[in-house]
Amino acid sequence: MDTIYRLGIDIGGTFTDALVMDHNGRVIAALKTPSIAAAPEQAIFNVLDQLKANGVNIREIDLFVHGTTLGVNTLIERSGAVTGLLVTKGFRDILEIRRLRLEDTTNLYGDKTDALVPRHRVKEVDERVIASGGILQPLNQEQLLQAVHELVEDGVTALAISFLHAYVNPAHEQLAEDLIRERYPQLFICRSSAIWPQQREFERTLATAMNAYVGDRMGSYFLRLQEGIQAYGLKANLLSTMSNGGIMTAARAANEPVRTLLSGPASGVIAATHIAERAGIHQVITFDMGGTSVDVALIDKEPSYSSENKVGDFPVIIPAVDVTAIGAGGGSIAWLDSVGVLKVGPRSAGANPGPACYRRGGEEPTTTDAYLQLGILHADRFLGGQMRLYPELAERTLGNLGEKLGLNAEQTAQAILDVATANMYAQFSPLMARKGVDPRDFTLLAYGGAGPMHAFLMAREVGIGRVLIPPSPGTLCAMGCTVANLRNDFVHTLHKSTQTLESGELSSLFAELENQGRSWVDEEARGVKLDNIYCLYSADMRYEGQAFDLEVTLTLEEIEDPKKAGIKFHMSYQNVFGISQPEAEVMFVSLRATIVGVLPTHNTVDPSDLPFDESAAEERIITFDQVQHTAKVLKRGQIPSVDAPISGPIIVEEYDTTIFIPPGYKVYRDVHGNVIGEVEA
């Protein structure tokens, strides 16, 4: 049966966003409600109440996908379960030693990151598997159970198992898990060979420890959410977004929460890819500015993926959409450092107490207060008029800060925006250089509650000539939940050269990975209709003797003939480093397969696919760049087509965001309802 309604929900640090699409792909509801950190599921129940009040039949939702920041916040806040770790004897300090790299190579006094599992909760066990998979020393079962007993006595409720070379032979990890489950069924247990069976002992162990650390809290959350939505009569399978931009069942996400850590930003990038493809724009930089942070990603027809992402202080080896945080969000607090220099962020006022203008107890100025003071935000039209702002509170807190700087409230507000933009630029420019791109060749696609307000300021600073604001930008991450596909990644560590590979070995191993993927899709897709299933192949490759890899995408023809795969690696190496060594031996370090189960797609109809609204535009006096301007205040439907663009300053007020087009840009609306601004000649 075709989907009646698709519900996508993204739980952010400040707001929870929801979007409902009907079976024709029409957006019929887009909602925002404050997030509730202590009980994130309650924000979803508040959304369901609003949907019912708006006439949406909850029982007709048959696809419900949601993303949450609960896992990543648990890691950053260090508020997870009391976790123990079992390792091979001699490897107790694996989380302490890390990679022996300084976070800041110019600072010899930098603080060392505290290990996720403290050393006294790491227990060594006699066992040894060698690199080829052979067993050198059997698992000491009595010692194992004694170690677990000591950990349980110490209050441990979650347990990670990571033995040496378990990626090639998981027998000891599997036996350990079976023995522990039989004796201690109350423990949340995970093993590295099931979480991510790839060589790299530190990263594999850390991923497993992270999974154990957040698993109990995530499992409890999903249980409360499942019970709650059933009480509302919602029959749809509960699905969760993943860091790689795909979706999986909530039941599996509860067992493998480490795969969901970056799901929120990934959902936005997937939606942005969908928007850019429909608009015929292939090179895009996403600009996702919410209440807490600003995230950017590159899209060159397809999003970029990485296995070297970070969550807080920790590297994450599991593949994810390549998203980088470059700055602070709309709730970021402005403050003075010890020598009186104005700083913005990284501390955020969040949803509670929120910016001073929310009148919820916030006493410190934020970027949202600055926009309200300058007249860009309207006090009575925030969230479509559902949430009133208080300009007098913003002015008071800005004035208090301004006294220390010798500035009035308006000057302080402009200074906050300037500093926030400079912070973003300082991180954005070297990021683009590392990725080898010129941002001036790209379009800035902005979304998030604050993204459309700040995007043109960022574009002006960087030199980007075109900005695109999609319909419902404040809930775009929620849209990403509704257009994402089932997707998962599988890996096999090989460590062989083109000379030592046996005939047909590469094809056989990739076929095995694909079979794992198809079995995973069969399990996850129960009750979900799929249009198609396909597999993508790649390999981590290097020259023999090197320590770092390049991931190279491979075709079936290149898999069948490893020499052709080697030639492709030489070309990739040349593109990245400007040199290559065609005569050198090429190593296949790890093989990767990504399985994709494609959900039915719709010809999305936007709510703003409307004829030009000829009603008279409002005007508002604003202050920007220390100068007063008369800005046109429009609705999206009042923005003309490409044939008759209009010049800034313009404010476009919508339910989920406010778009600010400063002087120096002209703006028009395309056939898909996107607002597109370009630099005036």
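Right, let's walk through the structure included here. (Residues numbered from 1 in each chain as written. Predicted model: local features only at pLDDT ≥ 70, side-chain atom pairs only at ≥ 80, totals over all residues. Heavy atoms only, no water.)

Scanning all chains against the criterion turns up 31 salt bridges. A salt bridge links Arg 252 to Glu 523, with the nearest nitrogen and oxygen atoms 2.5 Å apart. Within this pair, whereas Arg 252 is found in helix H8 (residues 250-255), its partner Glu 523 is found in helix H15 (residues 505-524), the two being separated by 271 residues in sequence. Taking the relative accessible area as the measure of exposure, Arg 252 reaches 19% and is therefore buried. Judged by relative accessible area, Glu 523 falls into the partly exposed class, the value being 41%. For Asp 337, the salt bridge goes to Lys 343, with nearest N and O atoms at 3.3 Å. (Salt bridge = Lys/Arg side-chain N within 4 Å of Asp/Glu carboxyl O. Helix = DSSP H or I, 4+ residues; strand = E, 2+ residues; numbered from the N terminus. Buried < 20%, exposed > 50% of the residue type's maximum accessible area, 1.4 Å probe, protein only.)

What follows is about unusual backbone geometry. Working note: non-glycine residues mostly have negative phi, and peptide bonds are mostly trans. The amide bond that connects Gly 345 to the next residue, Pro 346, takes the cis arrangement and shows omega of 0°. Secondary-structure assignment places Pro 346 in strand S22 (residues 342-348). Here the residue pair Gly 648 and Pro 649 is connected by a cis peptide bond, since its omega of 10° sits within 30 degrees of zero. If you trace the backbone, Pro 649 turns up in the loop between strand S31 (646-647) and strand S32 (650-653). Phi angles above zero are rare outside glycine, and Arg 78 is one such case at about 55°. Within the secondary structure, Arg 78 sits in the loop between helix H2 (70-77) and strand S5 (83-88).

Tracing the backbone shows Ser 306 in strand S16 (residues 305-306). Excluding residues within four positions of it along the chain, Ser 306 makes contact with Ile 318, Pro 319, Ala 320 and Asp 322. (Contact = heavy atoms within 4.5 Å.)

In this section: the nonpolar core. Of all hydrophobic cores here, the largest spans 103 residues; its most connected members are Leu 51 and Phe 64. Counting residues per element, this core draws most heavily on helix H7 (residues 201-231), at 13 residues. Those residues in contact with Phe 64 that lie beyond four places of it in its chain are Leu 7, Ile 9, Ile 44, Ile 229, Leu 234, Ala 236, Asn 237, Leu 238 and Leu 239. Judged by nonpolar contacts, the second largest core, of 67 residues, contains Leu 374, Phe 456, Ala 459 and Ile 622. (Core = buried A, V, L, I, M, F, W, Y, C linked by side-chain atoms within 4.5 Å.)

Our next topic: a nonpolar patch on the surface. Taken together, the side chains of Val 576, Phe 577 and Ile 579 present a nonpolar region at the surface, about 320 Å² in accessible area. Judged by relative accessible area, which is 54%, Ile 579 ranks as exposed. (Patch = residues over 30% accessible without salt bridge, like charges linked within 9 Å, V, L, I, M, F, W, Y side chains within 5 Å. Areas by Shrake-Rupley, 256 points an atom, 1.4 Å probe, with all protein chains shown as cover.)

Moving on, we come to the sheet that holds strand S9 (residues 158-162). With parallel pairing, four strands are arranged side by side in an open sheet as S6-S5-S9-S10. Both edges of this open sheet fall to strand S6 (122-125) and strand S10 (188-191), since each of them pairs with a single strand only. Taken over all neighbouring pairs, the strand axes of this sheet differ in orientation by 20° on average, direction set aside. With four bridges connecting them, S9 and S10 associate as parallel partners. Each bridged residue has a counterpart across the sheet, and for Ile 161 the counterpart in S10 is Arg 191. (Pairing = 2+ DSSP bridges. Axes fitted to C-alpha atoms, helices over the stretch in contact; angles between N-to-C directions.)

The next point concerns H7. Compared with an ideal rise of 1.5 Å per residue, which puts 31 residues at 45 Å, H7 spans 44 Å between its outermost C-alpha atoms and is within 8% of the ideal. Taken as a whole, H7 carries its principal kink of about 45° at Gly 215. Just past H7, the residue Gly 233 takes up positive phi, approximately 85°. (Expected span 1.5 Å × (residues − 1). Bend = angle between axes of the 7 residues up to and from the residue.)

The subject of this paragraph is the pairing of strand S25 (residues 486-497). With nine of its 12 residues buried, S25 lies for the most part within the structure. Bridge count for S25 against strand S28 (residues 586-598) is 10 bridges, and the pairing is antiparallel. Directly across from Thr 493, in S28, lies its bridge partner Ser 590.

A few words now on the side chain of Glu 177. Secondary-structure assignment places Glu 177 in helix H5 (residues 171-183). Looking at Glu 177, the relative accessible area reads 11%, which means it is buried. The contact partners of Glu 177, leaving out residues within four places of it in the chain, are Ile 161, Ile 189 and Arg 191.

Time to look at the packing of helix H9 (residues 263-279) against helix H14 (residues 476-483). Their axes nearest at 7 Å, the elements H9 and H14 cross at an angle of 75°. With respect to H14, the element H9 is oriented roughly perpendicular. Residues Gly 264, Ser 267, Gly 268, Ile 270, Ala 271, Ala 272, His 274 and Ile 275 of H9 form the contact with H14, whose participating residues are Leu 476, Cys 477, Met 479, Gly 480, Cys 481 and Val 483. In the contact of H9 with H14, the residues fall into nine nonpolar, five polar and no charged. (Parallel < 35°, antiparallel > 145°, perpendicular 65-115°, else oblique. Nonpolar A, V, L, I, M, F, W, Y, C, P; charged D, E, K, R; others polar.)

As enumerated under the stated definition, the model contains 10 aromatic pairs in all. Between the aromatic rings of Phe 456 and Tyr 665, the centroid separation amounts to 5.0 Å while the plane-to-plane angle is 75°, which identifies the pairing as edge-to-face. Here Phe 456, found in helix H13 (residues 451-462), pairs with Tyr 665, found in strand S34 (residues 665-669); they are 209 residues apart in sequence, far enough to count as distant. The class of Tyr 665 is buried, set by a relative accessible area of 3%. Seen from their ring centres, Phe 510 and Tyr 537 are 5.7 Å apart, and the 85° between their planes marks the pair as edge-to-face. You can see Phe 510 sitting in helix H15 and its partner Tyr 537 sitting in strand S26 (residues 532-543), a full 27 residues away along the chain. Since its relative accessible area comes to 2%, Phe 510 is described here as buried. Linked through ring pairs, Tyr 543, Phe 569, Tyr 573 and Phe 577 together constitute an aromatic cluster. Above the ring of Tyr 390, the side-chain terminus of Arg 388 is found at 4.7 Å from the ring centroid. (Phe/Tyr/Trp six-rings, centres within 6.5 Å; stacked < 30°, edge-to-face > 60°. Lys NZ or Arg CZ within 6 Å of the ring centre and 35° of its normal.)

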